[in-house]
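# Notes for the structure review
Chain residues, written in single-letter form:
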Amino acid sequence: MKTALVTGVTGQDGSYLVELLLSKGYEVHGTKRRSSSFNTSRLEDISRELGHRPDNLVLHYADLADSASITNLVRDIRPDEIYNLGAQSHVAVSFAVPEYTADVTGVSTIRLLEAIRASGVPTRFYQASSSEMFGSTPPPQNESTPFHPRSPYGVAKVYSYWATVNYREAYGIHASNGILFNHESHRRGETFVTRKISRAVARIAEGFQSELVLGNLDAVRDWGYAPEYVEAMWLMLQQETADDYVIATGEAHSVREFAQAAFARVNLDWEKFVRTDARYERPSEVDALIGDASKARRVLGWKPQTSFVELVNRMVDEDVQSVRDEKAGKLVRIDI
Ligand code: NAP
Ligand code: F7E
């Protein structure tokens, strides 16, 4: 049985990766942060039928800002694979907490890589790199495209990207960067633009909300479906040689188009409900990210399956269902 350690297991990608690894027979160890309220809701699906957490999923309190917690986990678990998904992952928030973002999204990658070195275990390492590193470099972006980050988050991810490459070259660690473009689902954090839109559409359609306030409607993103993207992470660590890969759909749409399609799913005209406010704009914006994932297709055999319209419809449908369940008093939180 293989053992994996996943940082950020309570996040969108962490939850899908846990499901994938458990289905492949792994013993999975995940890090969670102390929180004053339940923060494991995304892991509820795997526990619902059993009524408790599966035996081969172990959660540990740890924080990427705390070296000791990270080093101790790697030493004690001696994982075959580490997936570093933990991060302060919100681009707009990174302008408000730049130093914290540098620490948790940037420097912490060195903490993990050093812990691997210190443990002497031949662990394979996945780093959650991001299309935000390309920033203002025009699309299409691939593995050879120069980085020009436009936020403290993007800057921190560039640091982690190069730390991963450096430890691969300097110490021979099997360390890979997945340069993932935006990927979404109904488990996406509620303040990222796609989920903010799909939730608002559901609440407006069900009569709970009257308008949706957004920032820059012209930003263009390459939005894929999250469960397919965690499959790519796993594939990277199954290769004999570590390498870096762009994961994307190659299809581009603006925030405006996303809103239009989401409202259309519930037969509403988006222009009647959406207004803009500068408070949701960023000090420096990333105008357009469109990925070229041909290397991943060639080497990993990975390709996206879900179209833009399918993604939008799925997110809106899930949120409509959640609002209805909430209305019917059916949503019960369990801590796993
Ligand atoms: P997410 O939903 O925001 O999850 C982030 C995870 O990191 C959560 O489990 C969070 O814990 C944890 N975390 C935050 N601060 C931490 C700290 N100080 N110590 C330990 N854990 C901490 O992000 P995601 O969408 O799943 O993305 C996963 C990774 O891929 C992130 O590194 C992100 O930057 C990167 N990425 C995401 C995308 C995308 O489109 N989704 C694209 C490219 C790269 P809490 O639940 O307690 O907050
Ligand atoms: O913004 C615009 C905003 O916050 C997308 C993270 O997962 O993907 C994500 O970062 C676009 C931006 O995602 C609102 O200005 C307009 O241009 O959903 P987002 P992001 O910044 O692309 C990358 C790949 C990551 O790595 C990150 O971790 O939408 N936008 N109006 C808005 N954005 C938000 N959040 N809220 C608005 O009201």
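Now for a look at the structure at hand. Given the structure is predicted, the values throughout are model-derived calculations rather than measurements. Sequence order sets the numbering: in each chain, residues are counted from 1 along the sequence as written. Written order determines the labels here, with chains lettered from A and ligands numbered from 1. Where local features are concerned, this predicted model is filtered to residues with pLDDT of at least 70; where side-chain atom pairs are given and counted, the filter is 80 or more; whole-chain, interface and lining totals use all residues. Each side-chain value is derived from all of the structure's non-hydrogen atoms; neither hydrogens nor water enter the calculation.

### Observations concerning helix α8 (residues 226-238)
- Helix and strand assignments follow DSSP, with helices taken as H or I runs no shorter than four residues and strands as E runs no shorter than two, numbered in order from the N terminus. By this rule the span expected of a helix is its residue count minus one, scaled by 1.5 Å. Taking 1.5 Å per residue as the helical rise, α8 with its 13 residues ought to reach 18 Å, and the 19 Å between its terminal C-alpha atoms agrees with that figure.
- Summarising burial for α8: 10 of the 13 residues are buried, a large majority.
- Within α8, burial applies to Ala-226, Glu-228, Tyr-229, Val-230, Ala-232, Met-233, Trp-234, Leu-235, Met-236 and Leu-237. Three exposure classes are used, based on accessible area relative to the maximum for each residue type with a 1.4 Å probe and protein chains only: buried under 20%, partly exposed in between, and exposed over 50%.

### Examining the site of ligand 2
- By convention in these notes, a residue is near a molecule or strand provided one of its non-hydrogen atoms lies within 4 Å of it. Around ligand 2 sit 22 residues in total, of which Ser-89, Ser-130, Tyr-153, Arg-282 and Glu-285 are the nearest.
- Measuring from an oxygen atom of ligand 2, one finds a backbone N or O atom of Ser-89 at 2.7 Å.
- Polar contact criterion, stated in full: a pair of N or O atoms within 3.5 Å, where within protein one must be able to donate a hydrogen and the other to accept it, and residues adjacent in sequence count only if both atoms are side-chain atoms. Arg-221 is positioned with one of its side-chain polar atoms (N or O) 2.9 Å from an oxygen atom of ligand 2.
- Accessibility throughout is a Shrake-Rupley quantity obtained with a 1.4 Å probe, and a residue counts as covered only by protein chains that appear here. Contact with the protein chains covers 95% of the free accessible surface of ligand 2, which is 700 Å².
- Here the shell around ligand 2 is built from residues that sort into 8 nonpolar, 8 polar and 6 charged. Under this grouping Gly is polar, as are all residues other than the nonpolar Ala, Val, Leu, Ile, Met, Phe, Trp, Tyr, Cys and Pro and the charged Asp, Glu, Lys and Arg.

### Some remarks on the nonpolar core
- Leu-21, Tyr-83, Tyr-126, Ile-247 and Trp-302 are the most contacted members of the largest nonpolar core, which has 46 residues in total.
- For this core, the element with the most residues is α8, which contributes 9 residues.
- Residues count as neighbours in contact if any of their non-hydrogen atoms are within 4.5 Å of one another. Excluding residues within four positions of it along the chain, Tyr-126 makes contact with Ile-82, Tyr-83, Asn-84, Leu-85, Ser-176, Gly-178, Leu-180, Met-233, Met-236 and Leu-237.
- Nine residue types can take part in a nonpolar core, namely buried Ala, Val, Leu, Ile, Met, Phe, Trp, Tyr and Cys, and a core is a set of them joined through side-chain atoms within 4.5 Å. Tyr-225, Phe-258, Ala-262 and Val-323 belong to the second largest nonpolar core, which has 26 residues in total.

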